[in-house]
Amino acid sequence: MDDKILITTDSGARVEAHAPVIVSASRATDIPAFYARWFVNRLAKGYAVWYNPFNGRPMYVSFGNTRVVVFWSKNPKPLIPYLRELDDRGVHYYFQFTLNDYEREGFEPGAPPLNERIDTFRALSDRIGKEKVIWRFDPLLLAPTLTPGRLLEKIRGVGDRLKGYTDKLVFSFVDVKVYRKVRNNLVKETAFFTEDNVENAEPNGEQRREIAEGLAGMCERWKSEGWDVSPATCAEQMDLEQYGIGHNRCIDGELMRRIFSGDEDLMYYLSCGRLPDRNALFAGDVSLKRADRKDRGQRAACGCMASKDIGMYNTCPHHCVYCYANASRETVRNNASLFDVESESIITRRNDGNRRT
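Everything quoted here is computed from the prediction, not taken from an experiment.

Caption draft 1: Seen up close, the overall build of the protein chain. Of the regular secondary structure elements, the protein chain holds 10 helices and 12 strands. Rg of the C-alpha trace for the protein chain: 20 Å, near the compact-globule value of 21 Å for 357 residues, within the 12% margin. With respect to the principal axes defined by its C-alpha atoms, the protein chain has extents near 60 × 45 × 35 Å. Within the span of the protein chain, comprising 357 residues, buried residues form 54% of the whole. Of the contacts made within the protein chain by residues no fewer than 6 positions apart, 70% connect residues no fewer than 24 positions apart. Carbon and sulfur atoms make up 45% of the accessible area of the protein chain, which totals about 16100 Å².

Spelled out as structure tokens, the structure:
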């Protein structure tokens, strides 16, 4: 759904590049936390290189048509000083900010302390507006000492400190059975799980309903206190509408329509699936039925519209034990040792041979 254009690389070569209107940065790694300067460098250069993790082939990604960047992060603090550069370039953005409380369990060993992350969330919300900072408590997983009730207490504890700083709470349940990397990391990196009990980390149907009911009551309580936050699931097949919990779209065209309504080119794109042709005699009918923008590369239950992700697997030093994007800490360390902030890509092809499974 994005155009292809010719670009000139850092070495002077002329190559064909994809030119997406919406860039995801990134489901595969935490670009704001660890690659903020690299991202801003590539934005200035006008393109980045992404390597396909399955076949190792490079893809050139031009930022020439980019109107929106969706950032995914557990710690966007390093990127905040650079946001003015995006503003000056006319690039819109919003954040999927994962703010969990798994400190006692040690599930996110590379993340900053919880209090610091909460301060960052509030500062970012003050800086860009609460509608552009979406709170994710994600994923939800259980352990022998982490029951559904205890998990709800943790969500409430964080939420009570985010009142007025966001409009939405997004969550999903950990996928142990689907992703082999998640299973392997939980067994290898924690004292809670073995091959015999690791699937217990994934809440069953009854536990999911208990959590959903608790979240619904929590959001009602917050609403009575003046904070209207909407709960939604991310890529979950289970229907929780009876609890007032909808299905989220993380790359969300409807959200973009609301918060970036002044960008006529973006509004045209969201309606027609293409940017307006300024050289055409007639610009086209913006009242056309909205294009089918679902991202076909994501899971069936994912509601995201199409975007291009520029992150790479095996590059995130948060080392979260539930991660589907890292094969091992050693692989991440090796890639980090080769990283160059001036390079075209976060990673070199030869060091990313681990497939997402």
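More follows now that the structure is in view.
Caption draft 2: Geometry of the nonpolar core. Phe39 and Trp135 are the most contacted members of the largest nonpolar core, which totals 81 residues. The next biggest cluster of nonpolar side chains, apart from the first, holds 23 residues, and it includes Ile22, Cys234, Cys250 and Leu270.

Caption draft 3: Examining empty space enclosed by the protein more closely. Evaluation of the coordinates by the stated rule reveals 3 cavities of 30 Å³ or more. Size it by volume and the largest cavity reaches roughly 720 Å³. The wall of the largest cavity is formed by 36 residues, among which Arg27, Lys74, Asp138, Tyr322 and Tyr324 lie closest to the centre. Breaking the lining of the largest cavity down by element, the ones donating at least two residues are β6 (68-73) and β7 (92-98). Its residues assigned to classes, the lining of the largest cavity comprises 17 nonpolar, 10 polar and 9 charged.

Caption draft 4: Layout of the sheet that holds strand β11 (residues 246-247). One open sheet accounts for 8 strands, arranged β11-β10-β9-β8-β7-β6-β3-β12; its pairing is parallel. Only two strands of the sheet have a single neighbouring strand rather than two, namely β11 and β12 (308-309). Across 4 bridges, β7 lies against strand β8 (residues 133-136) in parallel orientation. Looking at the pairing, threonine 98 lines up with arginine 136 of β8.

Caption draft 5: Local environment of the pattern of salt bridges. On inspection of all chains with the given rule, the structure shows 20 salt bridges. What emerges from the salt-bridge pattern is a single network uniting Asp160, Lys163, Arg221 and Glu225.

Caption draft 6: The packing of helix α5 (residues 148-159) against helix α7 (residues 205-224), seen in detail. Two elements in contact, α5 and α7, have axes separated by 10 Å at closest approach and are oriented at 30°. As judged from the angle between their axes, α5 and α7 are roughly parallel. In this structure, α5 crosses over α7, and the sense of that crossing is right-handed. Contact with α5, carried on its side by Pro148, Gly149, Leu151, Leu152, Ile155, Arg156 and Gly159, involves Gln207, Glu210, Ile211, Gly214, Leu215, Met218, Arg221 and Trp222 of α7 and no other residues of that element. For the contact of α5 with α7, a count of residues per class yields 8 nonpolar, 4 polar and 3 charged.

Caption draft 7: Quick peek at the side chain of threonine 120. Tracing the backbone through its elements, the reader meets threonine 120 in helix α4 (residues 114-128). On the basis of relative accessibility, which here comes to 5%, the residue threonine 120 falls in the buried class.

Caption draft 8: Representation of unusual backbone geometry in the model. The peptide bond linking alanine 25 to serine 26 adopts the cis configuration, its omega dihedral lying at 0°. Within the secondary structure, serine 26 sits in the loop between β3 (22-25) and α1 (31-34). Residues other than glycine seldom take positive phi values, yet alanine 235 does so here, at roughly 55°. Among the secondary structure elements, alanine 235 is positioned in the loop between β10 (230-233) and β11. Since its relative accessible area comes to 13%, alanine 235 is described here as buried. The phi torsion at asparagine 314 lies on the positive side, around 65°, for a residue other than glycine. Within the fold, asparagine 314 resides in the loop between β12 and α10 (329-338).

Caption draft 9: Representation of the packing of aromatic side chains within the structure. In this structure the tally under the stated criterion is 18 aromatic pairs. For the pair phenylalanine 39 and phenylalanine 71, a centre-to-centre distance of 5.4 Å together with 80° between the ring planes defines the contact as edge-to-face. In this pair, phenylalanine 39 sits in helix α2 (residues 36-45) while phenylalanine 71 sits in strand β6, placing the two residues 32 residues apart along the sequence. A relative accessible area of 0% places phenylalanine 39 in the buried class. Looking at phenylalanine 71, the relative accessible area reads 0%, which means it is buried. For the pair tyrosine 102 and tyrosine 322, a centre-to-centre distance of 6.4 Å together with 65° between the ring planes defines the contact as edge-to-face. You can see tyrosine 102 sitting in the loop between β7 and α4 and its partner tyrosine 322 sitting in the loop between β12 and α10, a full 220 residues away along the chain. Tyrosine 102 gets classed as buried once you look at its relative accessible area, which sits at 1%. Take tyrosine 322: its relative accessible area is 7%, and that puts it in the buried class. Put simply, the rings of Tyr102, Phe107, Trp135, Phe137, Phe192, Phe193, Trp222, Trp227 and Tyr322 touch in pairs and so form one group of aromatic residues.

Caption draft 10: Main features of α2. Most of α2 sits out of view: 7 of its 10 residues are buried. Within the span of α2, buried status applies to Ala36, Trp38, Phe39, Val40, Asn41, Arg42 and Leu43. Immediately beyond the C-terminal end of α2, within one or two residues, lies glycine 46, with a positive phi of roughly 100°.

Conventions we followed
Residues numbered from 1 in each chain as written. Predicted model: local features only at pLDDT ≥ 70, side-chain atom pairs only at ≥ 80, totals over all residues. Heavy atoms only, no water. Helix = DSSP H or I, 4+ residues; strand = E, 2+ residues; numbered from the N terminus. Rg over C-alpha atoms; globule rule 2.2 N^0.38 Å. Buried < 20%, exposed > 50% of the residue type's maximum accessible area, 1.4 Å probe, protein only. Contact = heavy atoms within 4.5 Å. Areas by Shrake-Rupley, 256 points an atom, 1.4 Å probe, with all protein chains shown as cover. Core = buried A, V, L, I, M, F, W, Y, C linked by side-chain atoms within 4.5 Å. 1 Å grid on protein atoms, 1.4 Å probe; cavity = no way out; pocket = protein on both sides within 12 Å on 5 of 7 lines; lining within 4 Å. Points joined across faces, edges and corners; volume = space filled by probe spheres on them. Nonpolar A, V, L, I, M, F, W, Y, C, P; charged D, E, K, R; others polar. Pairing = 2+ DSSP bridges. Salt bridge = Lys/Arg side-chain N within 4 Å of Asp/Glu carboxyl O. Axes fitted to C-alpha atoms, helices over the stretch in contact; angles between N-to-C directions. Parallel < 35°, antiparallel > 145°, perpendicular 65-115°, else oblique. Left-handed = near helix turned anticlockwise from the far one by under 90°. Phe/Tyr/Trp six-rings, centres within 6.5 Å; stacked < 30°, edge-to-face > 60°.

Treat this as a map of the structure, not an account of what it does.
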